[in-house]
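Structural overview for review
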Amino acid sequence: MTAVSPASTREQGETLAERPAYDEAWFESRATAGLRGLRAYDPGHDLVALRRRFDAQLLELGSNENPYGPSPAACEAVAGQLDALHRYPDPLGADFKRALAATHGVDTTQILLGNGSHELLMQLAQVFAGPGTEVVFSRYGFAAFALATMASGATLRVAEALPRTSTMPLGHDLDAIAAAITPATRLVYLANPNNPTGTWFGRAPLAAFMARVPLDVIVVMDEAYAEMADADADAASALPLLPAHPNLLLTRTFSKAYGLAGLRVGYLIGAPGLVAVMERIRESFNVNGPALAACEAALGDTEHLQWACARNAEQRVALTHALHARGLVVLPSQTNFVLVEFGPRTAAIEAALIERGVVLRPMGGYGLPDWLRITVGTAEDNRRLLAALDAVLA
Ligand SMILES: *Cc1c(COP(=O)(O)O)cnc(C)c1O
């Protein structure tokens, strides 16, 4: 046998077939079917460039971040991890899971940790959906639901949202969602309250919905904003329904009410069997050490959480009134954002606000080009927003 030199191998390859372009189109052709319909996450504006341009004066109301920041205990916990950065984190996140289990009155075997809840929403479709199956969710449901479905190769079944005339305009229509379930359905995604609409539904309608869902369909409740809902709003968590419905699970995040979006921590609560199956694809160190320590500390500081949520609720009401006073349509919200209709001039208004250093979230991707989503800021943030808005609308 004669040794083949790299040079002669290359020559041989070139004579056999034309070399592929190895560009995006070629790699896409080698990707799974689900991947082919997808586009990479569009972060919207170049926030880094805008921050540089407006020199820390940029008013960022586009990403539903918590303007009050995390508990000081969480920051101390991160600082306490600085001498352990060469170590891998606890792959089980055992202490943090124990704290979560105690907080929610569930068993640690019911909890799965995610690098943000977005990771968990994606993995649920990867595990339970796929080519030849269907996934059901509402029009104007959270964007990750469609992404997760497409990436898995499953077919999207989008249920129509509630009409404009409803008390919960553009919100989830649980009857329409139940009716969209077919024998091919593996997964249903719900968000309560929902992003980007801010709308919500009560526990009794959810219980009635679950009674209609076939026992072999898994229902995902995304509760990213659950901590922010008013106690009397009936936007309550699905948690009490879990024992009666092991095919129901919920996801939560530390990115919103806890003010720790930068650390990327979310979790799922569900049946121990579901968690055990999902554990098989979890990257063993998906939540890093500083994040585990910070979230455990944040969980213990209920006073800070309640303080931030109370400030948010106050400002949500004040901002809604101020927008109403300007003749704008504002959807009801139990979150830290409001969806506002600006009409056919929306794109121009949004661009003019950017020029004044105010970033909101355009909604074209959701099929709502005449609307903008506004994060509820501090009293001072909202005053600045309204001043800029008045100048732009004049
Ligand atoms: C912000 C948000 C999330 C949270 O995502 P993380 O990955 O945990 O930061 C999940 N669902 C909804 C509806 C959201 O708005």
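Since the model is a prediction, treat every value here as computed from it, not as a measurement.

The rules behind these values
- Residues numbered from 1 in each chain as written.
- Predicted model: local features only at pLDDT ≥ 70, side-chain atom pairs only at ≥ 80, totals over all residues.
- Heavy atoms only, no water.
- Phe/Tyr/Trp six-rings, centres within 6.5 Å; stacked < 30°, edge-to-face > 60°.
- Helix = DSSP H or I, 4+ residues; strand = E, 2+ residues; numbered from the N terminus.
- Buried < 20%, exposed > 50% of the residue type's maximum accessible area, 1.4 Å probe, protein only.
- Lys NZ or Arg CZ within 6 Å of the ring centre and 35° of its normal.
- Near = heavy atom within 4 Å.
- Polar contact = N/O pair within 3.5 Å; in protein donor to acceptor, adjacent residues only side chain to side chain.
- Areas by Shrake-Rupley, 256 points an atom, 1.4 Å probe, with all protein chains shown as cover.
- Nonpolar A, V, L, I, M, F, W, Y, C, P; charged D, E, K, R; others polar.
- Pairing = 2+ DSSP bridges.
- Salt bridge = Lys/Arg side-chain N within 4 Å of Asp/Glu carboxyl O.
- Right-handed = clockwise from strand over helix to strand, strands pointing away.
- Contact = heavy atoms within 4.5 Å.

1. Describing the packing of aromatic side chains
Here the structure, examined in full by the defined rule, presents twelve aromatic pairs. Both rings, one in Tyr 225 and one in Phe 337, keep their centres 5.2 Å apart while their planes meet at 75 degrees; by these two values the pair is edge-to-face. A residue pair is termed long-range when its members are at least 10 positions apart, and Tyr 225 in the loop between β6 (218-222) and β7 (248-253) and Phe 337 in strand β10 (residues 337-341) qualify at 112 residues. Comparing Tyr 225 with Phe 337 shows no difference in burial state: the two are buried. One aromatic cluster is present, built from ring pairs that chain together Phe 96, Phe 254, Tyr 258 and Tyr 267. When the ring centre of Phe 337 is taken as origin, the NZ or CZ atom of Arg 373, which lies over that ring, is 5.7 Å away.

2. Quick word on the site of the ligand
With respect to spatial proximity, the complete set of residues near the ligand consists of Gly 116, Ser 117, His 118, Phe 142, Asn 195, Asp 222, Ala 224, Tyr 225, Thr 253, Ser 255, Lys 256 and Arg 264. Side-chain polar atom of Tyr 225 to an oxygen atom of the ligand: 2.6 Å apart, as the coordinates give it. Note that an oxygen atom of the ligand is positioned 3.1 Å from one of the side-chain N or O atoms of Lys 256. A total of 380 Å² of accessible area belongs to the ligand in isolation, and the protein chains cover 92% of it. Looking at the shell around the ligand, its residues break down into three nonpolar, six polar and three charged.

3. Some remarks on the pairing of strand β8 (residues 266-269)
Across the two faces of β8 the burial is the same, with Gly 266 and Leu 268 and Tyr 267 and Ile 269 all buried. Across four bridges, the pairing between strand β2 (residues 111-114) and β8 is antiparallel. Bridge assignment links Leu 112 to a residue of β8, and that residue is Leu 268. Strand direction decides the pairing type here: β7 and β8, joined by four bridges, are antiparallel. By the bridge assignment, Arg 252 is partnered in β8 with Tyr 267.

4. Digging into the pattern of salt bridges
A full pass over the atoms with the stated rule returns 15 salt bridges. A salt bridge links Arg 316 to Asp 230; the shortest N-O distance between them is 3.1 Å. One end of the pair, Arg 316, is in helix α13 (residues 302-325); the other, Asp 230, is in the loop between β6 and β7, with 86 residues separating them in the sequence. The residue Arg 326 makes a salt bridge to Asp 390 at a minimum N-O spacing of 2.7 Å. Of this pair, Arg 326 sits in the loop between α13 and β9 (329-330) while Asp 390 sits in helix α15 (residues 379-393), and the two are 64 residues apart along the sequence. Look at Arg 326 and you get partly exposed, because its relative accessible area is 34%. On the basis of relative accessibility, which here comes to 35%, the residue Asp 390 falls in the partly exposed class. One salt-bridge network, held together by shared partners, links Lys 97, Glu 279 and Arg 282.

5. Considering the pairing of strand β3 (residues 134-138)
Each regular strand carries side chains that alternate between the two faces of the sheet. When you tally the buried positions in β3, you get five out of five residues, the bulk of the element. Pairing of β3 with strand β4 (residues 155-159), which is carried by five bridges, proceeds in the parallel orientation. Residue pairing across strands places Glu 134 opposite Thr 155, the latter belonging to β4. The handedness of the β3 to β4 crossover, carried by helix α8 (residues 143-152), is right-handed. Bridge count for β3 against strand β5 (residues 185-191) is four bridges, and the pairing is parallel. When the bridges of β5 are listed, Glu 134 appears paired with Thr 185.

6. Looking at the side chain of Ser 237
Position of Ser 237 relative to the elements: it lies in the loop between β6 and β7. A relative accessible area of 13% means that Ser 237 is categorised as buried. A distance of 2.7 Å separates polar atoms of two side chains, one belonging to Ser 237 and the other to Glu 223. If we ignore the near neighbours within four places in the chain, the residues touching Ser 237 are Arg 203, Glu 223, Leu 250 and Arg 252.

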